[in-house]
Amino acid sequence: MRTTVREHAETTADRVLARDTGRFDDVLKIAVLRGGGLGDLLFAMPAVDALAEAYPEAEIVLLGTPMHRELLQDRPGPVARVEVLPRARGVYGADGEDDPRATGVFMQRMRGEAFDLACQLHGGGRYSNPFLLALGARHTVGTATADAAPLERTLPYVYYQHEVLRRLETVALAGAPSTGPEPSVFVTAAERVRARDMVGTGRAPLAVIHPGATDPRRRWPADRFVEIAARCASDGMRVALVGEGDDTPLADGVARRAARAAGRTVGDAVFSLAGRLTLSDLAGVLAVADVFIGNDSGPRHLAHAVGTPTASVYWVGNLINAGPLTRRSHRVQLGWTTHCPVCGRDATQVGWTAPRCEHDVSFVAEVPVDAVYEDAFALSPFTARTVRPRDT
């Protein structure tokens, strides 16, 4: 019987998807390689959930960073434990950083684990695929650029794809279909109690604001955060600033300036928790917040993972790879700058083909405060609903 073009296409697609994507037999221990920052880990969590669903008897060991261990240790979830990576070029550490001796010791210990399956959820594979292969696992899956070592089952690495979906596609190679595209992190009752002690109680909604980001080009200017924090406070919200490291003075400064602009005392409606929170504390504070406002950053991704609505400022290129997939509780405003405002270099080209220029100017400065405020307002549970967004 003759088939239609559509039926032929669907049959062909089914065969392609079925090829080399079945579950492996007798998998009792899985290694997941994922270095990077907090957001990088959270983007991989739906894929880890899918592995746990497909291999319910297996122990899942994350090969990650000290930050990953801090977040996941003793926390309910699919990861049984975190093994901290050695300094290895392209896997963990600063660019070019390498410690061959520590890597050798690590590999010897990991080969003793006798992993049945190793999943590379780290990147293009130029350095991470040889690292993964050295674990000696029975089966390997992961992504690879054209110049990367192939694994047993390999997905082509195409840069402009959302990271969550990329990782889900990767573990599907091991017969682990998606259980959902959104990252999720469990917050304990103790973390919530501790967070409420830190932020205080009250009927007013709580907005948590993070004005930082690792890449300065992803940062909305501090003046914009001052304005939006002041507006939130003036309209009846409590506002907590968060950040760590270099973000601490930035967050503290935003809190002081916003409090003055709103005519409130610092520590009253606007206050800073920057530099005072452990990662566990941050998870709790974000979980008890009514809305998060900030840049594309680790705290934004963690707020999303613990179930808090987010109003975010994104550069358009980063939205493709790292933006929220849904809009009911997660709103975004975009910076559309595609060339460096200082030197004019094209910023849409990926890093290994066109290294970035040395300028750290914001690519999201044109995003208006009104738009972000209205997103935050729409997501906030104002009980009386007497406040109205201001006219532009």
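Caption draft 1: Region of interest: the packing of aromatic side chains. This model, assessed by the stated rule, comprises 4 aromatic pairs. When the ring centre of tyrosine 157 is taken as origin, the NZ or CZ atom of arginine 166, which lies over that ring, is 4.1 Å away. Taking NZ or CZ as reference, arginine 231 lies 4.5 Å from the ring centre of tyrosine 373, over its face.

Caption draft 2: Just unusual backbone geometry, in detail. Positive phi outside glycine occurs at aspartate 26, with the angle close to 55°. Here aspartate 26 shows up in the loop between α1 (5-18) and β1 (29-33). For aspartate 26, a relative accessible area of 66% translates into the label exposed. Here the phi dihedral of alanine 114 falls at roughly 55°; this positive angle occurs in a residue that is not glycine. For alanine 114, the position within the fold is in the loop between α4 (100-111) and β4 (117-120).

Caption draft 3: How the structure looks around the packing of helix α8 (residues 222-234) against helix α9 (residues 247-262). The interhelical angle for the contact between α8 and α9, taken along N-to-C directions, is 50°, at an axis separation of 8 Å. On the basis of their axis angle, the class for α8 and α9 is oblique. As α8 runs across α9, the sense of the crossing is right-handed. In this structure, α8 contributes Ala222, Asp223, Phe225, Val226, Ala229, Ala230, Ala233 and Ser234 to the contact, and α9 contributes Leu250, Val254, Arg257, Ala258, Ala261 and Ala262. Split by residue class, the contact of α8 with α9 holds 11 nonpolar, 1 polar and 2 charged.

Caption draft 4: Region of the structure containing the pattern of salt bridges. Scanning the model with the defined rule gives 20 salt bridges in all. One salt bridge connects aspartate 215 with arginine 217, and the closest N-O pair in it is separated by 2.8 Å. We note that aspartate 215, like arginine 217, is buried. Across the pair arginine 257 and aspartate 223 runs a salt bridge, and its minimum N-O distance is 2.5 Å. Remark: aspartate 223 occurs in helix α8 and arginine 257 occurs in helix α9; sequence separation between them is 34 residues.

What counts and how
Residues numbered from 1 in each chain as written. Predicted model: local features only at pLDDT ≥ 70, side-chain atom pairs only at ≥ 80, totals over all residues. Heavy atoms only, no water. Phe/Tyr/Trp six-rings, centres within 6.5 Å; stacked < 30°, edge-to-face > 60°. Lys NZ or Arg CZ within 6 Å of the ring centre and 35° of its normal. Helix = DSSP H or I, 4+ residues; strand = E, 2+ residues; numbered from the N terminus. Buried < 20%, exposed > 50% of the residue type's maximum accessible area, 1.4 Å probe, protein only. Axes fitted to C-alpha atoms, helices over the stretch in contact; angles between N-to-C directions. Parallel < 35°, antiparallel > 145°, perpendicular 65-115°, else oblique. Left-handed = near helix turned anticlockwise from the far one by under 90°. Contact = heavy atoms within 4.5 Å. Nonpolar A, V, L, I, M, F, W, Y, C, P; charged D, E, K, R; others polar. Salt bridge = Lys/Arg side-chain N within 4 Å of Asp/Glu carboxyl O.

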